[in-house]
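Summary of structural features
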Amino acid sequence: MDTLKFLYKWDDFLQFEGWAEKISAATKEEKFLLYQPAEKLLEMAQKERIILAINEQRIIVGVIALWAIGKSWNEVGTIFVFPEHRRKGFGQEITRFAFERWNGQKIMSTSKNPLSMHIALKSGMVAVTSEGDMKEVVPLTCVCDESDGVIDSAKCPFRDKDCVFLISAKTAQMINYVARDDEIVQRVRNHHF
Ligand SMILES: CC(C)(COP(=O)(O)OP(=O)(O)OC[C@H]1O[C@@H](n2cnc3c(N)ncnc32)[C@H](O)[C@@H]1OP(=O)(O)O)[C@@H](O)C(=O)NCCC(=O)NCCS
């Protein structure tokens, strides 16, 4: 099996021209991923909050990111393996490496994707809320602006416009998160609930 190498230093990213655009485009296609503009991925990479996994041929096979939430928490997300490299254990390996690297940080994750939950649990995360808790939700982030955004779920009526990521009120309380309450969030919330 391919041995993966993990890159997280900005200088290493410079050898992979167009990586951010490629991953950004991939996030548009995936139902469970929030859209991430390339500029945002680049900004995160400069802060060493992105890990790229490359194989022995120096081809990027996957990515993971650590998004800041509020003042002290982070969300591990943008976990992605390119389709042609899936089912080889890379998703699991990337996640394990990320948790080692970001050890000591307060990290949460929220997903409706059973696959990513499976990987998260195998990587040592603990489930503290479940689908049932989503009856009461809090908008966590709005990652897109109205001009160029796309979003997390193919079903969202705001695809290509606004994007909001919801967590259960219970989770918000646990991480001391105070919801944004701006106009975009309100519109999305009113539409969905
Ligand atoms: C989720 C994702 C990163 C998994 O990557 P991957 O490299 O294929 O996963 P792995 O090969 O490491 O598999 C990890 C586990 O999931 C299982 N698995 C992977 N794909 C599966 C599938 N399609 N169906 C059932 N099980 C699957 C594997 O068997 C393995 O389980 P095990 O360790 O108990 O045997 C990849 O499918 C992906 O990029 N999906 C699109 C983006 C996405 O949804 N990301 C999650 C955001 S919440």
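Right above here is the structure, for reference.
Structural notes, computed from the coordinates. (Residues numbered from 1 in each chain as written. Predicted model: local features only at pLDDT ≥ 70, side-chain atom pairs only at ≥ 80, totals over all residues.)

Some remarks on unusual backbone geometry
The phi angle at R58 is positive, at roughly 60 degrees, despite the residue not being glycine. Position of R58 relative to the elements: it lies in the loop between β2 (50-54) and β3 (60-69). On the neighbour-count criterion, R58 (9 C-beta atoms within 10 Å) is exposed. (Helix = DSSP H or I, 4+ residues; strand = E, 2+ residues; numbered from the N terminus. Buried ≥ 20, exposed ≤ 12 C-beta atoms within 10 Å, placed from the backbone.)

Considerations on the nonpolar core
By size, the foremost hydrophobic cluster in this structure holds 29 residues, and its most contacted members are I50, I51, V63 and I64. Secondary-structure elements contributing two or more residues to this core are α2 (19-29), α3 (38-46), β2, β3, β4 (73-81), α4 (90-101) and β7 (165-168). (Core = buried A, V, L, I, M, F, W, Y, C linked by C-beta atoms within 7 Å.)

Quick word on the environment of F82
By the secondary structure assignment, F82 is in the loop between β4 and α4. A count of 16 C-beta atoms within 10 Å places F82 in the partly exposed class. For the pair F82 and G62, spaced 20 residues apart in sequence, the C-alpha separation works out to 6.0 Å. When residues no more than four places from it in sequence are discounted, the contact partners of F82 are V61 and G62. (Contact = placed C-beta atoms within 7 Å.)

Structural notes on helix α5 (residues 114-122)
Every buried residue of α5 is accounted for by S116, I119 and A120. The buried residues of α5 all sit within an arc of 100 degrees when viewed along its axis, so they share a single face. In α5, the exposed positions that point more than 90 degrees away from the buried face belong to P114, H118, L121 and K122. Summarising the contacts, the buried residues of α5 are in contact with β4 and α4. Following α5 by one or two positions, G124 adopts a phi angle in the positive range, close to 100 degrees. (Arc of directions from axis to C-beta.)

Details of the packing of α2 against α3
Running from N to C, α2 and α3 point in directions that differ by 125 degrees, and their axes come no closer than 8 Å. In terms of axis orientation, α2 runs oblique to α3. With respect to the hand of their crossing, α2 and α3 are arranged in right-handed fashion. Here A20, E21, I23 and S24 of α2 lie close against α3, whose contacting residues are A38, L41 and L42. Of the residues in the contact of α2 with α3, the class split is five nonpolar, one polar and one charged. (Axes fitted to C-alpha atoms, helices over the stretch in contact; angles between N-to-C directions. Parallel < 35°, antiparallel > 145°, perpendicular 65-115°, else oblique. Left-handed = near helix turned anticlockwise from the far one by under 90°. Nonpolar A, V, L, I, M, F, W, Y, C, P; charged D, E, K, R; others polar.)

Don't take any of this as a statement about function, it's just geometry.
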